[in-house]
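One letter stands for each residue in the lines below.
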Amino acid sequence: MPFITKISTQKKNTERFNIFLDEKYAFSVDADVLVRFDLKKGKEVDELDILEIQHGDDVKKAFNRAVEFLSYRMRSEKEVRDHLKKKETPDTVIAEVIRKLYDYSYLNDKEFAEAYASTHKKTNGKGPDVLFRELKTKGIDDDTIKETLSAFTVDEQIQEALKHIGKVLKKDKKLSTKEIKQRAQMQLQRKGFSFDVINAALEQTEYENDDEAEMEALKAHAEKAIRKYRYDGSYESGMKVKQYLFRKGFSLDNIDQFLQEEE
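Source: prediction; values computed, not measured.

Asks: Which parts of the structure should I look at to understand the overall build of the protein chain?
Replies: Counting its secondary structure elements, the protein chain contains 13 helices and three strands. Here the C-alpha radius of gyration of the protein chain, 32 Å, is well above what a compact globule of 263 residues would show, namely 18 Å. Each of the three principal axes of the protein chain carries a C-alpha extent, and together these read 105 × 40 × 25 Å. Out of the 263 residues belonging to the protein chain, those deemed buried represent 41%. Here the analysis covers contacts within the protein chain between residues at least 6 apart in sequence; of these, 56% occur between residues at least 24 apart.

Take a look at the structure:
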């Protein structure tokens, strides 16, 4: 069996050591692995010892890689597994690394889910449906997700929904009442709010135009339609303008009134 004849510190990384067997370089190990396996000059090692040492070093390197990955922000177990797989880490090594991360309390999917939901609820205004889907893709189990999102009360959801509606109203000034409602609904659905929450928020919002504002919005869109379809008073061009304005949510009565005034 070969003997360790030399151990030298690597120049670029003083935490790693080169191991020489019978005067020839054999492999390198982390300082922790050096200590754990009691590697020293004159020690005899067989092939099985070498495989065990190298596996221990692979685990240590993968563990350090995982800790670095976790240093930027909290991660789920699945995220860490996926990260290590991208680095072509063997499954047996990943399993041992994950176990060590739990032992050191570096991983906790329940705490991760709570932190993720809280952050994205506050910063992005996401609703429960979107949060559920996103946590699911992070590998969080259904029971943990449901328990986490149960803290997101209906009243809180309505308040978040109201903020989104406010942004729609502020951004889109020249819209019909119908289109304002549709855009608000679509925005809230994309953000992951239920129909009950959306309806409750809309009931608490004054989004409906008065008659004057509705006609002002119609005129703004009609000007675009008139230019687009080259409205000249003919039946054909008039129908195209009507269809355009109807799709924008304006009533036929208001559309006819406007076109009669134009004529």
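Back to the write-up after that little detour.
Asks: When you look at the confidence of the model for the protein chain in this model, what are you seeing that I'm missing?
Replies: Low-pLDDT portions of the prediction should not be read for the details of their coordinates. Of all residues in the protein chain, 96% attain a pLDDT of 70 or more, and the chain-wide mean is 88. Mean pLDDT values for the elements of the protein chain range from 72 in helix α13 (residues 252–262) up to 97 in helix α3 (residues 77–86).

Asks: Any chance you could explain the sheet that holds strand β3 (residues 24–30) here in plain terms?
Replies: The strand order across the open sheet built from three strands is β1-β2-β3, with neighbouring strands paired in antiparallel fashion. Each having just a single partner strand, β1 (4–9) and β3 make up the two edges of the open sheet. On average, each strand axis in the sheet is inclined to that of its neighbour by 25°, with strand direction left out of account.

Asks: How should the UniProt feature "domain: RecX second three-helical" (unreviewed entry) in the protein chain be read in this particular structure?
Replies: Here, the residues flagged by UniProt with the feature "domain: RecX second three-helical" (unreviewed entry) are residues 108–149. Its end C-alpha atoms 17 Å apart, residues 108–149 is made of 79% helix and 0% strand.

Asks: Is there a simple way to explain the side chain of E79 in this structure?
Replies: By the secondary structure assignment, E79 is in helix α3. At 2.9 Å, the side chain of E79 forms a polar contact with the backbone nitrogen of S76.

Asks: Honestly, the environment of L135 in this entry has me stumped. Any pointers?
Replies: Along the chain, L135 falls in helix α6 (residues 128–137). L135 sits in the buried class, given a relative accessible area of 0%.

Asks: Which parts of the structure should I look at to understand the pattern of salt bridges?
Replies: A side chain of one charge can pair with a side chain of the opposite charge when the charged atoms of the two come close. Going through the model one piece at a time under the given rule, you end up with 16 salt bridges. In this structure, D57 and R16 form a salt bridge, with 2.7 Å as the shortest nitrogen-oxygen distance. Taken together, the residues D57 in helix α2 (residues 47–72) and R16 in strand β2 (residues 16–21) connect sequence positions 41 residues apart. D57 sits in the buried class, given a relative accessible area of 2%. Its relative accessible area of 11% is what places R16 among the buried residues. The network of salt bridges with common partners includes R16, D57, D58 and K61.

Asks: Explain helix α9 (residues 177–190) here, please?
Replies: The end-to-end C-alpha distance of α9, which contains 14 residues, comes to 20 Å, matching closely the 20 Å that a straight helix rising 1.5 Å per residue would cover. Looking at α9, one finds that the buried residues are T177, E179, I180, A184 and L188. In a view along the axis of α9, the buried residues occupy a sector of 165°, so they form one face of it. Positive phi shows up at G192, right after α9, with a value of about 95°.

About the cut-offs
Residues numbered from 1 in each chain as written. Predicted model: local features only at pLDDT ≥ 70, side-chain atom pairs only at ≥ 80, totals over all residues. Heavy atoms only, no water. Helix = DSSP H or I, 4+ residues; strand = E, 2+ residues; numbered from the N terminus. Rg over C-alpha atoms; globule rule 2.2 N^0.38 Å. Buried < 20%, exposed > 50% of the residue type's maximum accessible area, 1.4 Å probe, protein only. Contact = heavy atoms within 4.5 Å. pLDDT = per-residue confidence, 0-100. Pairing = 2+ DSSP bridges. Axes fitted to C-alpha atoms, helices over the stretch in contact; angles between N-to-C directions. UniProt positions renumbered as here; feature names shortened; annotations may be inferred. Polar contact = N/O pair within 3.5 Å; in protein donor to acceptor, adjacent residues only side chain to side chain. Salt bridge = Lys/Arg side-chain N within 4 Å of Asp/Glu carboxyl O. Expected span 1.5 Å × (residues − 1). Arc of directions from axis to C-beta.

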